[in-house]
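Listed here are the chains, written in short residue letters.
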There are 2 protein chains.
Amino acid sequence: MFSPLIEELIRALRCLPSVGPKSAQRMAMYLLEKDPEAASLLAHSLAQAVERVGRCQQCRTLTEEAICSLCDNRRREQDSLCVVETPADVLAIEQAGNYHGRYFVLHGHLSPIDGVGPADLGMDLLEQRLATESLRELIVATNPTVEGEATAQYIAERARVQGVAVSRIAHGVPIGGELEYIDGGTLAHALNSRTAFFPGS
Amino acid sequence: MFSPLIEELIRALRCLPSVGPKSAQRMAMYLLEKDPEAASLLAHSLAQAVERVGRCQQCRTLTEEAICSLCDNRRREQDSLCVVETPADVLAIEQAGNYHGRYFVLHGHLSPIDGVGPADLGMDLLEQRLATESLRELIVATNPTVEGEATAQYIAERARVQGVAVSRIAHGVPIGGELEYIDGGTLAHALNSRTAFFPGS
């Protein structure tokens, strides 16, 4: 119904996550009718980002520099490393605000069924860092899914071999959550992982 | 937190309708991590569309041609013209499937408070078409809002001056709708606009 270029734009917009045909059409109409300047800016920004953004040589997060600003920041604790699955996880932990060490981004999790092995997750680079840097602690913050747990297990084993202390972030009832609405799996885990009220006694 | 180019991309993505900071971040991460090819295609498609898509010289809908495919289609009824507010309205009416005439797109409605007058809606072009083409009927399909009604009224007056029959699409209870859930304004309109069951008698 629309002209070829508009149809093509609508199709291209559907590559965005959770954008279906109706939303894509609405976006295309909005951009072309109301805000062509913003559309140009978006086109330019996308092209630039795709061309120039790569991975940090140290932590593999997305950045257009060789070394990202977090790795480059000498004021961050150099002796703790937190392993996460995605760059968005780095942001989430940074926003939590109580971790001041460095990161390592896997860009996924071990998943033999999808052909994702240790090499795809930069495990060689991680092992090299475990071997050469004097790390006090490696914190594994992969997601609490089956694959995330398997990945955590794998990383923990590698760190133990290298003699680095490894920890896993806690999983349980979210702060402010109500027990009534928490799923059984989480609750079972929270019970199993209970901590002593008075650790000393 | 992210590198400058990624921050810029996130900001640019927020120009899309109903995309907030979280969605924009998710879209940026998705495009850069999972689908850079689709991102490149989107960038190219956006740039092309912004550069080349303009308005049809006859009906003002969005198209990269001088005359859009609907205006150019000789098999469509040449003697009826349907006036709508946006190109998306053209699509909606085409999908309804029972109108086979041509269109005229206003790209908005009369709105003195926003400085939108007849000239911005291409009224001169519409009047010229009313004067020069032998139209049997002008169907006004602007939205049933205050501004849409005012615009319809304005267009109807102009058409009457030119001696062209004008009609307004019907407004009332949607087909399949339940009276219980219809707002009072629509229901009042539906009662006022009731039609005789046996028009002949």
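Just above, that's the structure.
A brief look at the structure comes next. Being a predicted model, the structure only gives us computed values, none of them experimental.

**Side note on the interface of chain A and chain B**
Part 1 of the argument: If you look at the interface, chain A gives 48 residues, while chain B gives 48 residues.
Part 2 of the argument: Summing both sides of the interface, chain A and chain B together bury roughly 4,600 Å²; the carbon and sulfur share of this comes to 75%.
Part 3 of the argument: Taken as a group, A:Met1, A:Leu5 and A:Leu46 account for 14% of the area that chain A buries against chain B, more than any other trio of residues on that side.
Part 4 of the argument: At the boundary of chain A and chain B, one finds zero salt bridges.

**Points about the pattern of salt bridges**
Part 1 of the argument: This model, assessed by the stated rule, comprises 18 salt bridges over all chains.
Part 2 of the argument: B:Glu77 is the salt-bridge partner of B:Arg136, the closest N and O atoms lying 4.0 Å from each other. Placement of B:Arg136 in the loop between helix H6 (123-132) and strand S5 (137-140) and of B:Glu77 in the loop between helix H4 (69-72) and strand S3 (80-84) is noted, with a sequence separation of 59 residues between them.
Part 3 of the argument: A relative accessible area of 35% places B:Glu77 in the partly exposed class.
Part 4 of the argument: Counted as one network, the salt bridges with shared partners bring together A:Glu77, A:Asp79, A:Arg136 and A:Glu137.

**Looking at the sheet that holds S5(B)**
For sheets, the rule is that strands pair by backbone hydrogen bonds, running either parallel or antiparallel.
Residues and elements named next belong to chain B.
Part 1 of the argument: In spatial order, the strands read S4-S3-S5-S6; together these four strands make up an open sheet with parallel pairing. The sheet terminates laterally at strand S4 (102-105) and strand S6 (165-168), the two strands that pair on one side only. Each strand of the sheet is rotated relative to its neighbour by a mean of 25°, with strand direction disregarded.
Part 2 of the argument: Where S3 meets S4, four bridges bridge the pair, whose relative direction is parallel. Directly across from Val84, in S4, lies its bridge partner Val105.
Part 3 of the argument: Against the sheet, helix H5 (residues 87-96) makes contact with S3 and S4, and its axis sits at roughly 155° relative to S4, the strand it touches most.
Part 4 of the argument: Here helix H7 (residues 146-161) sits on the sheet and contacts S3, S5 and S6; the angle it forms with S6, its principal contact strand, is near 165°.

**Brief notes about the relation of the copies chain A and chain B**
Part 1 of the argument: Turning chain A through 180° and shifting it by 0.0 Å along the axis lays it on chain B, with an RMSD of 0.1 Å. Both chain copies can therefore be described as sitting about a two-fold axis. Minimal C-alpha separation from the rotation axis in chain A is found for A:Ala43, amounting to 2.1 Å.
Part 2 of the argument: Both copies contact each other with a shared surface, as 100% of the interface residues of chain A are interface residues in chain B too.

**A closer look at the packing of helix H1 (residues 4-13) of chain A against helix H2 (residues 21-33) of chain A**
Residues and elements named next belong to chain A.
Part 1 of the argument: The contact between H1 and H2 brings their axes to 8 Å, and the two run at 125°. Here H1 lies oblique to H2, going by the angle between them. For the pair H1 and H2, the sense of crossing is right-handed. Of the residues in H2, those touching H1 at Ile6, Leu9, Ile10 and Leu13 are Pro21, Ala24, Gln25, Met27, Ala28, Met29 and Leu32.

**Some thoughts on H1(A)**
Part 1 of the argument: Among all positions in H1(A), only A:Leu5, A:Ile6, A:Leu9, A:Ile10, A:Ala12 and A:Leu13 are buried. Viewed end-on, H1(A) has its buried residues packed into an arc of 165°, placing them on one side of the element. The exposed set on the far side of H1(A), more than 90 degrees from its buried face, consists of A:Pro4 and A:Arg11.
Part 2 of the argument: Contact partners of the buried residues in H1(A): H2 of chain A together with helix H3 (36-52) and strand S2 (62-63) of chain B.

Cut-off values and rules
- Residues numbered from 1 in each chain as written.
- Chains lettered and ligands numbered in written order.
- Predicted model: local features only at pLDDT ≥ 70, side-chain atom pairs only at ≥ 80, totals over all residues.
- Heavy atoms only, no water.
- Contact = heavy atoms within 4.5 Å.
- Buried area = accessible area lost by both parts, 1.4 Å probe.
- Salt bridge = Lys/Arg side-chain N within 4 Å of Asp/Glu carboxyl O.
- Helix = DSSP H or I, 4+ residues; strand = E, 2+ residues; numbered from the N terminus.
- Buried < 20%, exposed > 50% of the residue type's maximum accessible area, 1.4 Å probe, protein only.
- Pairing = 2+ DSSP bridges.
- Axes fitted to C-alpha atoms, helices over the stretch in contact; angles between N-to-C directions.
- Least-squares fit on C-alpha atoms with pLDDT ≥ 70 in both.
- Parallel < 35°, antiparallel > 145°, perpendicular 65-115°, else oblique.
- Left-handed = near helix turned anticlockwise from the far one by under 90°.
- Arc of directions from axis to C-beta.

By themselves, these figures tell us nothing about what the structure is for.
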